[in-house]
Amino acid sequence: GAGVSQSPRYKVAKRGQDVALRCDPISGHVSLFWYQQALGQGPEFLTYFQNEAQLDKSGLPSDRFFAERPEGSVSTLKIQRTQQEDSAVYLCASSLFSSSYNEQFFGPGTRLTVL
Amino acid sequence: QKEVEQNSGPLSVPEGAIASLNCTYSDRGSQSFFWYRQYSGKSPELIMSIYSNGDKEDGRFTAQLNKASQYVSLLIRDSQPSDSATYLCAPPAGYALNFGKGTSLLVTP
């Protein structure tokens, strides 16, 4: 079956531009996660959805970052007024249930470069 | 943020040898652990999950968990050049994953 998909795969933005990153999770997966991965680092948690409810956004680095999952499937991560420090790979993951025992499956990521 | 420590490497092993990757964590409440493999330029791929003390084997991979010592390891038997990648240890933090920085493994022919 289809895995997690993300688009675009690559995004180049000028500093100050707004960007929107899309994630399409595995069909039927309740939980959706966004992570940010800087070069040479492990992924860092940004935010978590259970269906359409955003239950944890403690990892969002600033109020320029906003995520939504309005119908409980596709999610969008939006970054307003991008800065150079936002350059990273943004990873989306989904899992079948909401549990710390549940395996998460990752999409291919969106590589964002802010010039 | 709870600490997850991994030796960044690179860990270099000859083809056919056993590669041993280690991870320590600070959260005594962690009940599950996941090992992900990440090839350069790719996203993390789940290779093992372990939930109870002891060993869990899956093909050439064995995960070992010692909750008392707050230590989890991954052994790769008969290492192949295709195993060259970064291996990420990830205990949960709530429902999310708390990743270590990863250990870079290089298997030399």
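Residue positions are given per chain, counted from 1 along the sequence in the order it is written. Ligands are numbered from 1 and chains lettered from A, in the order in which they are written. Local features are withheld for residues below a pLDDT of 70 in this predicted model, meaning they are given only at 70 or higher, and side-chain atom pairs are given and counted only at 80 or more; totals for whole chains, interfaces and linings count all residues. Only hydrogens and water are set aside when side-chain values are computed; all heavy atoms of the structure are taken into account.

Caption draft 1: Inspection of the packing of aromatic side chains at higher detail. Any Phe, Tyr or Trp ring, taking Trp's six-membered ring, that has another such ring centre within 6.5 Å forms a pair; planes under 30 degrees apart are called stacked, those over 60 apart edge-to-face, and the others tilted. Summed over the entire model, instances satisfying the criterion amount to 13 aromatic pairs over all chains. When the centroid spacing of 5.8 Å and the interplanar angle of 85 degrees are considered together, the rings of tyrosine 35 of chain A and phenylalanine 99 of chain B count as edge-to-face. Note that tyrosine 35 of chain A is positioned in strand S4 (residues 31-37) and phenylalanine 99 of chain B in the loop between strand S11 (96-97) and strand S12 (103-108), a pairing that runs across two chains. With respect to burial, tyrosine 35 of chain A and phenylalanine 99 of chain B carry one shared label: buried. When the ring of phenylalanine 34 of chain B is compared with that of tyrosine 51 of chain B, the centres are 6.1 Å apart and the planes differ by 80 degrees; the resulting orientation is edge-to-face. One end of the pair, phenylalanine 34 of chain B, is in strand S4 (residues 33-38); the other, tyrosine 51 of chain B, is in the loop between strand S5 (45-50) and strand S6 (54-58), and 17 residues separate them in sequence. Secondary structure elements follow DSSP: runs of H or I no shorter than four residues count as helices, runs of E no shorter than two count as strands, and numbering proceeds from the N terminus. A 1.4 Å probe rolled over the protein chains alone gives each residue an accessible area, and that area as a share of the maximum for its type sets the label: buried under 20%, exposed over 50%, partly exposed in between.

Caption draft 2: View of the sheet that holds strand S1 (residues 5-7) of chain A. Residue and element names in this part refer to chain A. Strand pairing is defined by DSSP finding a minimum of two bridges between the two strands. Taken in spatial order, the four strands make up an open sheet running S1-S3-S8-S7, and their pairing is antiparallel. The open sheet has two edge strands with one neighbour each: S1 and strand S7 (65-68). Across this sheet, the average inter-strand angle for adjacent strands is 15 degrees, counted without regard to direction. Here S1 pairs with strand S3 (residues 19-24) via three bridges, running antiparallel. Every axis corresponds to a line fitted to the C-alpha atoms, with the helix fit spanning only the stretch in contact, and the corresponding angles, defined between N-to-C directions, vary from 0 to 180 degrees.

Caption draft 3: A look at unusual backbone geometry. In this chain, serine 7 of chain A is followed by proline 8 of chain A through a cis amide linkage whose omega measures -10 degrees. Relative to the helices and strands, proline 8 of chain A is located in the loop between S1 and strand S2 (10-13). Across the junction of glycine 9 of chain B and proline 10 of chain B, the peptide omega takes the value 10 degrees, indicating a cis bond. Tracing the backbone through its elements, the reader meets proline 10 of chain B in the loop between strand S1 (4-5) and strand S2 (11-14). Backbone geometry places arginine 81 of chain A, a non-glycine residue, at a positive phi of 45 degrees. Looking at the secondary structure, you find arginine 81 of chain A in the loop between strand S8 (75-79) and strand S9 (88-95). Here glutamine 70 of chain B, not a glycine, exhibits a phi torsion of approximately 55 degrees, which is positive. Take glutamine 70 of chain B: it is sitting in the loop between strand S7 (61-66) and strand S8 (71-76).

Caption draft 4: Spotlight on the environment of alanine 68 of chain B. Mapped onto the secondary structure, alanine 68 of chain B falls in the loop between S7 and S8. For the pair alanine 68 of chain B and asparagine 53 of chain B, spaced 15 residues apart in sequence, the C-alpha to C-alpha distance is 8.9 Å.

Caption draft 5: View of the state of the cysteines. Residue and element names in this part refer to chain A. To count as a disulfide, a pair of cysteine sulfur atoms needs to be within 2.5 Å. Tallied over the entire structure, the rule returns two disulfides over all chains. Each disulfide pairs two cysteine sulfurs, and for cysteine 23 the partner residue is cysteine 92, the sulfurs being separated by 1.8 Å. Classification of the bridge connecting cysteine 23 and cysteine 92 rests on its S-S torsion, roughly -65 degrees, and on that basis the disulfide is left-handed. In this pair, cysteine 23 is assigned in strand S3 and cysteine 92 in strand S9, connecting sequence segments 69 residues apart.

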